[in-house]
Amino acid sequence: MSDVTLESVSAEDRKLLTMARSARARIGAIEGAAVRDGDGRTYTGVSINLPSFSVSALRLAVASAVAAGASTLEAALVVTEASMVDGQDLAAVRDVTTGIPVYLATPDGTIAATGTA
């Protein structure tokens, strides 16, 4: 992943940041994520850790998109305190679409890095 500034990110990708941060804040989750599908629809997810199962924010966002009928993704963004996007999260994105931008943002809204899935 490489460094990127918020100003260099498209307006559509900045919306993903707003949505992921809002989803995370709504329930006080460790991570929030958002993806945009090929039709421009957006889906959010938050990290969930229950006694019977856990799911990451990005995997939940991807699953929500697929459950809604999305066959391609255009971009993904994760808000987390981690220093990198989990490899299995990237694999979930690649299961749907390869070569899309995946942004890593800090909880304060700083785009820390970008890469491709």
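Residues numbered from 1 in each chain as written. Predicted model: local features only at pLDDT ≥ 70, side-chain atom pairs only at ≥ 80, totals over all residues. Heavy atoms only, no water.

Asks: Now, about the sheet that holds strand 5 (residues 73–79): what can you tell me, with residues and values included?
Replies: Strand order across the open sheet formed by five strands is 2-1-5-6-7, with mixed pairing between neighbours. Because the sheet does not close on itself, it has two edges, and the strands there are strand 2 (42–46) and strand 7 (111–116). Strand after strand, the sheet turns through a mean of 15° between neighbouring axes, direction not considered. Summarising the sheet, strand 1 (residues 32–37) and strand 2 pair through five bridges and their orientation is antiparallel. Among the inter-strand pairings, valine 35 is bridged to a residue of strand 2, identified as tyrosine 43. Sheet contacts for helix 1 (residues 11–27): strand 1, strand 2, strand 5, strand 6 (101–105) and strand 7; angle to strand 5, the most-contacted strand, approximately 45°. The sheet strands contacting helix 2 (residues 57–67) are strand 1, strand 2 and strand 5, and the helix crosses strand 2 at an angle near 145°. (Pairing = 2+ DSSP bridges. Helix = DSSP H or I, 4+ residues; strand = E, 2+ residues; numbered from the N terminus. Axes fitted to C-alpha atoms, helices over the stretch in contact; angles between N-to-C directions. Contact = heavy atoms within 4.5 Å.)

Asks: Before we move on, could you go through the nonpolar core and cite the residues and values that matter?
Replies: Formed by 20 residues in total, the largest nonpolar core has its most connected members in Val35, Leu58, Leu73, Val85 and Val93. If one sorts the elements of this core by residue count, helix 2 sits on top with five residues. Ignoring sequence-local partners within four residues, the contact set of valine 93 consists of Leu58, Val62, Leu73, Ala76, Ile100 and Ala117. (Core = buried A, V, L, I, M, F, W, Y, C linked by side-chain atoms within 4.5 Å. Buried < 20%, exposed > 50% of the residue type's maximum accessible area, 1.4 Å probe, protein only.)

Asks: Quick rundown of the pairing of strand 6? Include the residues and the values.
Replies: Of all five residues in strand 6, four are buried, a share of seventy percent or more. In this sheet, strand 6 lies alongside strand 5 in parallel orientation, the contact comprising four bridges. Bridge pairing in strand 6 places alanine 76 opposite valine 102. Crossover connection from strand 5 via helix 3 (residues 87–96) to parallel strand 6: handedness right-handed. Where strand 6 lies against strand 7, five bridges are found, and the strand directions are antiparallel. (Right-handed = clockwise from strand over helix to strand, strands pointing away.)

Asks: Account for the side chain of glutamate 31, with residues named and values stated.
Replies: Inspection of the secondary structure assignment puts glutamate 31 in the loop between helix 1 and strand 1. At 7.5 Å, arginine 59 is the nearest oppositely charged side chain to glutamate 31, a buried residue that forms no salt bridge. For glutamate 31, the residues in contact, after removing those within four places along its chain, are Arg24, Gly45, Val46, Ser47, Ser56, Ala57, Val78, Val79 and Thr80. (Lys, Arg positive; Asp, Glu negative; His and termini not counted. Salt bridge = Lys/Arg side-chain N within 4 Å of Asp/Glu carboxyl O.)

Asks: Please give an account of helix 1 that cites residues and values.
Replies: Between its first and last C-alpha atoms helix 1 spans 25 Å; for 17 residues at 1.5 Å apiece the expected length is 24 Å, and the two agree. Of the positions making up helix 1, those classed as buried are Asp13, Leu16, Leu17, Ala20, Ala23 and Arg24. The arc that holds every buried residue of helix 1, seen down its axis, measures 135°, which confines them to one face. What points out from helix 1, more than 90 degrees from its buried face, is the exposed set Thr18, Ala25 and Arg26. On its buried side, helix 1 packs onto strand 1, strand 2, strand 5, strand 6 and strand 7. One or two residues past the end of helix 1 sits glycine 28, with phi positive at roughly 70°. (Expected span 1.5 Å × (residues − 1). Arc of directions from axis to C-beta.)

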